[in-house]
Amino acid sequence: MSSDCIFCKIVNGTIPARKIYEDDQVVAFHDIHPQTPVHALVIPKRHIVCLDDLRDEDRTMAGHLLERVAHVARELGVAAEGYRTLINTREHGGQEVDHLHIHILGGRRVGPMVCR
Ligand code: AMP
Ligand code: ZN
């Protein structure tokens, strides 16, 4: 855990979040500034800064994380019509919170992938 990381604080309950799902390895919660009617974040409980910090030993957790993204999307009712998943990495990727997270964006059709 990183003491100044807001997502670690959500993991340990120091700051509140609208949690959707939790197990021993991952947590899912609603994004505080939703970009779409459904906007959730799924994160590993362990403080991993970004996708580039995943290592061989994280394979099992990373597979679980991805499978739980699909599970959470089903729970949120967006799976049938579809949703977008997004991982931003570091500065050029637009990463604002330095704790690995996967966005789930759904509830409406999102536009084509446009990078501006
Ligand atoms: P990124 O730009 O990929 O790092 O996305 C970070 C996301 O975290 C943004 O969509 C923020 O709205 C969201 N966020 C920041 N703080 C919180 C919080 N306390 N609870 C829920 N979502 C948050
Ligand atoms: Zn963290």
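Given the structure is predicted, the values throughout are model-derived calculations rather than measurements.

Undergrad: Any chance you could explain the overall build of the chain here in plain terms?
TA: A tally of regular secondary structure across the chain gives three helices and five strands. Starting at the N terminus, the α and β elements of the chain follow one another as α-β-β-β-α-β-α-β. Relative to the compact-globule value of 13 Å for 116 residues, the chain shows a C-alpha radius of gyration of 14 Å, a close match. Oriented by its inertia axes, the alpha-carbon framework of the chain measures out at about 35 × 30 × 30 Å.

Undergrad: Mind showing me how you'd approach the coordination of the zinc ion (ligand 2) here?
TA: Each pair of donors in an ideal octahedron of six around a metal sits at 90 or 180 degrees, and each pair in an ideal tetrahedron of four sits at 109.5 degrees. Coordination of the zinc ion (ligand 2) by the protein comes from Cys 5 (SG), Cys 8 (SG), His 47 (ND1) and His 99 (ND1), over a distance range of 2.0 to 2.3 Å. In this structure, the zinc ion (ligand 2) is surrounded by four donor atoms whose angles at the metal cover 104 to 116°, and the resulting shape is tetrahedral. Positions of the donor residues of the zinc ion (ligand 2) along the chain correspond to the pattern C-x2-C-x38-H-x51-H. Residue Cys 8 is located in helix 1 (residues 6–12), and its partner His 99 is located in the loop between helix 3 (90–93) and strand 5 (102–106); the two are separated by 91 residues in the primary sequence. Cys 8 gets classed as buried once you look at its relative accessible area, which sits at 2%.

Undergrad: Explain the site of ligand 1 to me, please; I cannot follow it from the model alone.
TA: Within the structure, ligand 1 sits among 17 residues, and Asp 31, Asn 88, Glu 96, His 101 and His 103 are positioned closest to it. Between ligand 1 and the protein, one listed contact pairs an oxygen atom with a side-chain N or O atom of Asn 88 at 2.8 Å. Contacts to ligand 1 include Val 97, whose backbone N or O atom sits 2.9 Å from an oxygen atom. When ligand 1 sits alone it has 500 Å² of accessible area, and the protein chains cover 86% of it. Looking at the shell around ligand 1, the elements with two or more residues in it are helix 1, strand 2 (26–30) and strand 3 (38–44).

Undergrad: Help me understand the side chain of Arg 68, please; the structure alone is not making it clear to me.
TA: Examined against the element boundaries, Arg 68 turns out to sit in helix 2 (residues 59–75). For Arg 68, a relative accessible area of 15% translates into the label buried. In this view, Arg 68 contacts Tyr 21, Asp 23 and Val 26; residues no more than four positions away in its chain are not counted.

About the criteria used
- Residues numbered from 1 in each chain as written.
- Chains lettered and ligands numbered in written order.
- Predicted model: local features only at pLDDT ≥ 70, side-chain atom pairs only at ≥ 80, totals over all residues.
- Heavy atoms only, no water.
- Helix = DSSP H or I, 4+ residues; strand = E, 2+ residues; numbered from the N terminus.
- Rg over C-alpha atoms; globule rule 2.2 N^0.38 Å.
- Donors = N, O, S within 2.8 Å, 3.2 Å for Na, K, Ca; no water.
- Tetrahedral: all angles 85-135°; square planar, octahedral: opposite > 155°, others 65-115°.
- Buried < 20%, exposed > 50% of the residue type's maximum accessible area, 1.4 Å probe, protein only.
- Near = heavy atom within 4 Å.
- Polar contact = N/O pair within 3.5 Å; in protein donor to acceptor, adjacent residues only side chain to side chain.
- Areas by Shrake-Rupley, 256 points an atom, 1.4 Å probe, with all protein chains shown as cover.
- Contact = heavy atoms within 4.5 Å.

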